[in-house]
Amino acid sequence: MLKDVAHVWELGGGVALSNLIEVPITKECIKRLCVVICVDLSKPETIWTTLESLLNTIKLRVKKVIAELKRECPSDANKLVAECLARYGTDHPDKDNLDIIPVPITIVGTKYDLFQNFDPEKKKIISKTLRYVAHHHGAHLCFFSSKMEPLVMKTRGLLGHLVFKTQLSKTVVTDHTKPVYVLAGMDAISQIGSLGTNIGSRSPLDQWKQLFLSTFPQEAEAVLPDDPTRDSKYNENIVDSVRAQKDEELERFKKQQERKTREDARREGRVL
């Protein structure tokens, strides 16, 4: 029996390992690729940093891969871009003011069960900002909680559609007092509105960024140590003991090679 198979690549740890995004985004995979970005609604102090870093990394990688694909098969590359733009249609009022990433992207706001208890004004700022960021990049947006069955079902349906092309709920929810659910191409800048502040001549995206950061200052990004294997946070006694043994064996081997090199040099009359 034939089965549809989805290969899932999960990038954990926030943005610290975002350079690994290039592993699954290749010209062999990009025609069937979809990307899901999860942000923690209960921690708005991490939302912008996470989204901005991952979206920019994905955008650059996709641009590079599509350029490679265009050299080999221009029709496939053009079809990929056209399919993403088609979600907005020729009549969408914002189509010339967006920076759509030409692969299907879904932004999932997790832990809605905690977020629903936030101050209404903070919920409004977070919801509107996420709507704008998703709309600007051509992404779907849905809020999710593993503790709320209706949201589990709705998110499962969206992911099932992305992977297996199943039926998709197109019921839009933009009310910030409810779990937001907006598919790509079904929102508009006029519907999102503004937060009442105009910051000079900056782009709309930069204005949303500054408004969001002024309300929710972002945490500093985590920096990986030079050698994560020696970080005490990742202690594994069995693994560490084997690693220590292998390090000792490597040092002995290196010393043996150095002695051999010196002996060979002496026999040949060379000086090291």
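Here's a quick rundown of the structure.

Cut-offs and rules
- Residues numbered from 1 in each chain as written.
- Predicted model: local features only at pLDDT ≥ 70, side-chain atom pairs only at ≥ 80, totals over all residues.
- Heavy atoms only, no water.
- Helix = DSSP H or I, 4+ residues; strand = E, 2+ residues; numbered from the N terminus.
- Rg over C-alpha atoms; globule rule 2.2 N^0.38 Å.
- Buried < 20%, exposed > 50% of the residue type's maximum accessible area, 1.4 Å probe, protein only.
- Core = buried A, V, L, I, M, F, W, Y, C linked by side-chain atoms within 4.5 Å.
- Contact = heavy atoms within 4.5 Å.
- Pairing = 2+ DSSP bridges.
- Axes fitted to C-alpha atoms, helices over the stretch in contact; angles between N-to-C directions.
- Parallel < 35°, antiparallel > 145°, perpendicular 65-115°, else oblique.
- Left-handed = near helix turned anticlockwise from the far one by under 90°.
- Nonpolar A, V, L, I, M, F, W, Y, C, P; charged D, E, K, R; others polar.
- Patch = residues over 30% accessible without salt bridge, like charges linked within 9 Å, V, L, I, M, F, W, Y side chains within 5 Å.
- Areas by Shrake-Rupley, 256 points an atom, 1.4 Å probe, with all protein chains shown as cover.
- Salt bridge = Lys/Arg side-chain N within 4 Å of Asp/Glu carboxyl O.
- Lys, Arg positive; Asp, Glu negative; His and termini not counted.
- Charge placed at Lys NZ, Arg CZ, Asp CG, Glu CD.

Okay, the overall build of the chain next. Of regular secondary structure, the chain possesses eight helices and four strands. Sequence-ordered secondary structure for the chain, helices as α and strands as β, is β-α-α-β-α-α-β-α-β-α-α-α. For the chain, whose C-alpha radius of gyration is 25 Å, the value lies well above the compact-globule estimate of 19 Å for 272 residues. With respect to the three principal axes, the spread of C-alpha positions in the chain is 80 × 55 × 45 Å. For the chain, with 272 residues in total, the buried portion stands at 35%.

Glancing now at the nonpolar core. Counting residues in hydrophobic clusters, the biggest one holds 40 residues, and the most contacted among them are Ile30, Leu51, Ile58 and Ile105. Breaking this core down by element, the ones donating at least two residues are strand S1 (35-40), helix H1 (44-72), helix H2 (74-86), strand S2 (105-110), helix H3 (112-115), helix H4 (120-137) and strand S3 (139-143). Element by element, the count of residues in this core is highest for H1, at ten residues. If we ignore the near neighbours within four places in the chain, the residues touching isoleucine 58 are Ile21, Ile25, Val35, Ile37, Ile101 and Ile105.

Further remarks concern the sheet that holds S1. Read from one edge to the other, the open sheet built from four strands follows the order S1-S2-S3-S4, with strand pairing classed as mixed. Every interior strand has two partners, whereas the edge strands, S1 and strand S4 (181-182), have only one. The sheet contact formed by S3 and S4 spans two bridges and is antiparallel. Across the sheet, cysteine 142 pairs through a bridge with tyrosine 181, a residue of S4. Sheet strands touched by H1: S1 and S2. Its angle to S1, the strand with the most contacts, is close to 160 degrees. Across the sheet, helix H5 (residues 149-164) lies against S1, S2, S3 and S4, angled at about 160 degrees from S3, the strand it touches most.

A separate point is the packing of H1 against helix H7 (residues 204-215). Between H1 and H7, whose axes approach to 10 Å, the crossing angle comes to 155 degrees. Considering the angle they form, H1 stands roughly antiparallel to H7. The chirality of how H1 crosses H7 is left-handed. Of the residues in H7, those in contact with Pro44, Ile47, Trp48 and Glu52 of H1 are Leu205, Trp208, Lys209, Phe212 and Leu213. Residue composition of the contact of H1 with H7, by class: seven nonpolar, no polar and two charged.

Together, Lys255, Arg259, Arg262 and Arg266 line one region of the surface with positive charge. Mapped onto the secondary structure, arginine 262 falls in helix H8 (residues 237-267). According to the relative accessible area criterion, arginine 262 is partly exposed, its value standing at 40%.

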